[in-house]
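Close look at the chain arrangement
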Amino acid sequence: MDFLDRPRINALFSDAMQKPLVIISAGAGYGKTVAVYSFLQGYDATTIWLQLSERDNLVTRFWENFTHTISMRNERFAERLLMLGFPETEDQFEKYVSLIENEILPPKKRVMVFDDFHLIQEKSVLQFMENALKSSFPNITAILISRTDPDINTVRMLSQGMVFTVNEDDLRLTEGETAQYFQLLGISLPPQSIADIYGDTRGWMFAVNLIGLSLKKSPSQEKNARIAMKMNVFKMIETEVFLVISDRLRRFLVRLSLIDHLSAELVLILADGDKSLVDELEKINSFVRLDTYLHAYLIHNLFLDYLRQKQDVLTEEEKRDVYLKAAGWCDVNDYKMDAISYYDKAGEYEAIVGIVHDFPIQFPFDQAKFILDIYNRAPAHLMEGFARYHRQYSTLLLSLGLYEEALEDVKGRIEKYSSLPSSDLNNRILCGAYASLGIADYLMVPYTDRYDFYLPLEKADHYFRMSTDTESGPVIKVTLSALVSKVGTARSGAMEEYLDAVTRLVPLMANVLNGCMYGLDDLARGELLFYKSDLKNSVKFLKQSSHKAEERNQHEVKNRALFYLLRIAAANGDYEEIQAILKNLEAQLEIKEYYARFKTFDIVTSWFYALINQPGQIAHWILSGNFGKGSLGAFKADFVDFVRAKFYYSAKRYHELLSFIESKPAFTDVLFGKLETKLLAAACQYQLKNRDASMAAFQEAYELSSTNNLTMPFIELGKDMRTLTRAAMRDGGGGIPVQWLEMIHRKSATYSKRRLLILSEYKKAHNIKDDVWLSTREMEILQDLYEGLSRSEIAANRDLSISTVKMMLNTLYAKLGANSLADVIRIAISRNLIKT
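Attention here is on the structure that accompanies the text. (Residues numbered from 1 in each chain as written. Predicted model: local features only at pLDDT ≥ 70, side-chain atom pairs only at ≥ 80, totals over all residues. Heavy atoms only, no water.)

So, the overall build of the chain
To be explicit about the condition: For helices the rule is a DSSP run of H or I covering at least 4 residues; for strands it is a run of E covering at least 2, with both sets numbered from the N terminus onward. Residue burial is assigned from relative accessible area. The probe radius is 1.4 Å, only protein chains are included, and a residue is buried under 20% of its type maximum, exposed over 50%, and partly exposed in between. Here the accessible surface of atoms and residues is derived via Shrake-Rupley with a 1.4 Å probe, and residues count as covered only by protein chains that are part of the display. Neither His nor the chain ends is counted toward charge; the positive residues are Lys and Arg and the negative residues Asp and Glu. By convention, charge coordinates are those of NZ in Lys, CZ in Arg, CG in Asp, or CD in Glu.
Along its length, the chain carries 46 helices and 7 strands. Split into buried and exposed, the 836 residues of the chain put 58% on the buried side. In the form shown here, the chain has an accessible surface area of approximately 35,200 Å², with 49% of it arising from carbon and sulfur atoms. Positive and negative side-chain charges of the chain, numbering 99 and 109 respectively, have mean locations separated by a distance of 4 Å.

As structure tokens, this is what we get:
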């Protein structure tokens, strides 16, 4: 539509620019996009215009689109956003906000337009947008253009007067503007005709525009034009637009309707470099316009719907040509998901396999599903000729958590290609298939109790050596969960069988897949020693694992080693070591190729914050449970669940935790997970006064632990474990050796004191002021300790029993977060609790 000078709308938008968020919600044909575009042409601001499509419901595609659009105005900033990745976690989002603060906040006004926002339905994209809009900045206005009210929560922003809304009634042409528009077209109409047209269209701009186009051809047919508009908008488009233009432009427009990306560069490529055809396209600017912000052509939605109905006029070869050219352009310009989609439509599957080969090995769930759907549709006879495809297929299944399907798939490939004559292609396929079989067997250990998962890797190694075309880089890498051990039974000897098998597996895996899982064997040993409370030897193996993992870029292995080192540092009350480990974890955030780095950082640090009862520091997405496989993948969800269980307990949400345990989260499939949750259930039941249920669960936990002497989960419960052990000892042990209960009672008390010491150090380091209230008696005892009196001397001095003095000393330790008498005195002096 020719731009109409609308002072009313311009004044409306001028007011809107004073707000952080503008929501323009109106149906098709109301001129939303044209009105915004026309206003911004004369507005002094840097504009970034993001044209959304249905494919932006794929998170990776949305982020590609978002960053590429920003690169047109700030390439350096866009590169940093691309390195950051889509902000799925709080830490990532904070970094995103920090980047905005550092990169795009000079005094100049900035406007970000999100066109066709109604097409977005993906929850994680909507959540990102909601968070981004709430993080408003004084000189940035976001404009959402949508056919429906955006599916985001803006209640708080609305209540604070931060949102400006524009609706259909605001955008309708007035009768005066309708008359002005016809004057702009050079069409003279009497007032009654204007009134009739306005009455028929109610200011719907698209209909007014079509009537105008018709009257330009036949000025005397005003009544007929109105009737035609009423009868069929599409027919009017055909009569007044489509049949008027040249045949070659008609065909070109239909070809353009096949794709979403209409970059000016790509449009010229699709025109085979014919600039005159592009010039002809630009002449129908009522329906197609060149967006100077995007440097791309935008076709009016109703016109685009009409063109799509005409696609059957194109031959299959014409369609394929469009898809191939679009895919090639998208691939070169890093719109990878769009490139895959267009190559799929063109049937160019080898190109898809090539793109997927360059992706990070740890596929997000939605990306894995998207690619797997394509592979399942692809002609089998074509796909079988690509060695990479065979390996990618099982990796995609594993990324989706479909272990049994992956197992069945690789066994079928092995049976098929083992029966064929030896060739380099077949050797490569068999190498990948056996490697995948070994991984699938490994992941099924909790359910099979079988420990021969290294045997397929021996076969993989054999075919790897036979192949002359070995490829560098890990082909299949499995994301680790919270618990490394896959042993699901307390059976005697199972742990030893598992460790022996892992020791055989890792060198073979590292050879066949270029370092994959390197360090996992040491990690598994370190984990078992941790659960046995052999912390000194555990540290040795965990550090070995960390060094090996770093050597071969096995980031998940190193991360999990750091997680256990963090738990050990907490058990030792070593806050300085905890700080060092947290810095090591933070350093992993800079490793671009570690796809899961932000999520995993949130998970591990949230465990620590749950330990020291700092819920405000725990990632919100973990607390809310508002996550899914789409953002985490099948292998990460159980790590989150492990931490959520710890949080529920520390927050005293006992009923919620018991329900959560009843749902059997995935990490409870392995022995360590069963033990951890059984203990949490015992502690919860005791807190809820269900003593019999508590003691029964405690007994079960002991039985799960006794074969392998797994004591650390008991100790980590701290003071609450002391409550359980005391209750069990009152019952004479209840089937649990009293000597063992006494040992756990003692060690859990030490752990509790050290946890409080860590909390105290944390609060001091972060300048968190806590008012410690001490009773008069406690203050007197504290003063006596400072003056060097022994416990017996304090008892005599204050006319107390020795046991009362001991009890009050324990209370002082707890209140001050102290680990020793020296700590008590030092902390008391620093808080001016002692007269010196």
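Continuing now.
Here's the deal with the sheet that holds strand E4 (residues 140–146)
Condition: Strands are labelled as partners when DSSP assigns at least two bridges between them. As a rule, the C-alpha atoms of each element are fitted with a line to give its axis, helices using only the stretch in contact, and angles between N-to-C directions run from 0 to 180 degrees. The criterion used for residue contact is that any of the two residues' heavy atoms lie within 4.5 Å.
Taken in spatial order, the 5 strands of this open sheet run E2-E3-E4-E1-E5, and their pairing is parallel. A strand with exactly one partner marks an edge of an open sheet, and here the two such strands are strand E2 (46–51) and strand E5 (163–166). Between one strand axis and the next, the sheet turns by 15° as a mean value, whatever way the strands run. On the sheet, helix H1 (residues 7–16) packs against strand E1 (21–25), E4 and E5 and is oriented at approximately 160° with respect to E5.

Describing the packing of aromatic side chains
The geometry of an aromatic ring pair is captured by two quantities: the separation of the ring centres and the angle between the planes. Threshold: Note on aromatic contacts: the rings of Phe and Tyr and the six-membered ring of Trp form a pair at centre separations within 6.5 Å, being stacked when their planes are under 30 degrees apart, edge-to-face when over 60 apart, and tilted otherwise. We call a charge positioned over a ring when the NZ of a Lys or the CZ of an Arg lies within 6 Å of the ring centre and within 35 degrees of the ring normal.
Evaluated as defined, the whole model comprises 45 aromatic pairs. Geometrically, the ring pair formed by Tyr-531 and Phe-672 is stacked, given 4.0 Å between the ring centres and 10° between the ring planes. In this pair, Tyr-531 sits in helix H29 (residues 520–531) while Phe-672 sits in helix H38 (residues 671–687), placing the two residues 141 residues apart along the sequence. With respect to class, Tyr-531 is no different from Phe-672; both count as buried. Ring geometry for Phe-647 against Tyr-648: centres 6.0 Å apart, planes inclined by 45°, an arrangement best described as tilted. Of the two residues, Phe-647 and Tyr-648, neither departs from the other in class, the shared state being buried. Through a chain of ring-to-ring contacts, three or more aromatic side chains come together here, namely Phe-530, Tyr-531, Phe-563, Tyr-564, Trp-607, Phe-639, Phe-642, Phe-667 and Phe-672. The cationic tip of Arg-250 hangs over the ring face of Phe-242; the distance from NZ or CZ to the ring centre is 5.9 Å. Above the plane of the ring of Tyr-518 lies Arg-552, whose end atom (NZ or CZ) is 5.4 Å from the centre.

Focus on helix H16 (residues 275–283)
Stated precisely, the cut-off is as follows: As used here, the arc belongs to the directions running from the helix axis to the C-beta atoms.
Listing the buried residues of H16 in full gives Leu-277, Val-278, Glu-280 and Leu-281. Seen end-on, H16 carries its buried residues on one side only, within an arc spanning 155°. The inward-facing, buried residues of H16 contact helix H14 (247–256), helix H15 (264–270), strand E6 (288–291) and strand E7 (296–299).

A closer look at the pattern of salt bridges
Any two side chains of opposite charge can pair if their charged atoms end up close together. Spelled out, the test is: Just to be clear on terms, a salt bridge is a Lys or Arg side-chain nitrogen sitting within 4 Å of an Asp or Glu carboxyl oxygen.
Considering all chains together, one arrives at 42 salt bridges under this definition. One salt bridge in this structure joins Arg-308 and Asp-260, with 3.9 Å as the shortest N-O distance. Taken together, the positions of Arg-308 in helix H17 (residues 301–308) and Asp-260 in the loop between H14 and H15 put the pair 48 residues apart, joining distant regions of the chain. Arg-308 sits in the partly exposed class, given a relative accessible area of 35%. With a closest N to O distance of 2.9 Å, Arg-413 and Asp-409 form a salt bridge. Here Arg-413 and its partner Asp-409 are both found in helix H24 (residues 403–418), 4 residues apart, which amounts to about one turn of the helix. No difference in accessibility class separates Arg-413 from Asp-409, as the two residues are buried.

Observations regarding the state of the cysteines
Note: disulfide means a covalent bond formed between the sulfur atoms of two cysteine side chains. How we decide: Cysteine sulfur atoms are paired as a disulfide whenever they fall within 2.5 Å.
If you walk through the whole model with that rule in mind, you get 0 disulfides. Cys-431 provides the cysteine sulfur closest to Cys-516, a residue in no disulfide bond, and the two sulfurs are 12 Å apart. Owing to a relative accessible area of 0%, Cys-516 belongs among the buried residues under this scheme.

Points about the packing of helix H42 (residues 738–765) against helix H46 (residues 821–830)
When two helices pack together, their arrangement is captured by the angle between the axes and the distance separating the axes. Here is the rule: We call two directions roughly parallel when the angle between them is under 35 degrees, roughly antiparallel when it is over 145, roughly perpendicular when it lies between 65 and 115, and oblique otherwise. Here a crossing is called left-handed whenever its near helix is offset anticlockwise from the far helix by less than a right angle, and right-handed whenever the offset is clockwise. Gly falls in the polar group here, along with every residue not listed as nonpolar (Ala, Val, Leu, Ile, Met, Phe, Trp, Tyr, Cys, Pro) or charged (Asp, Glu, Lys, Arg).
Direction vectors running N to C along H42 and H46 enclose 25°, while the axes themselves pass 13 Å from each other. In terms of axis orientation, H42 runs roughly parallel to H46. Between H42 and H46 the crossing geometry is left-handed. Residue-level contacts link Leu-757, Ser-760, Glu-761 and Lys-764 of H42 to Asp-823, Arg-826 and Ile-827 of H46. In terms of residue class, the contact of H42 with H46 is built from 2 nonpolar, 1 polar and 4 charged.

Topic: the environment of Lys-548
As a reminder of what qualifies: Any pair of nitrogen or oxygen atoms within 3.5 Å is treated as a polar contact; in protein, a donor-acceptor pairing is required on top of that, and neighbouring residues in sequence qualify only through side-chain atoms on both sides.
Inspection of the secondary structure puts Lys-548 in helix H30 (residues 535–551). In this view, Lys-548 contacts Tyr-518, Gly-519 and Asp-522; residues no more than four positions away in its chain are not counted. In this structure the side chain of Lys-548 is engaged in a polar contact, spanning 2.8 Å, whose partner is the side chain of Asp-522.

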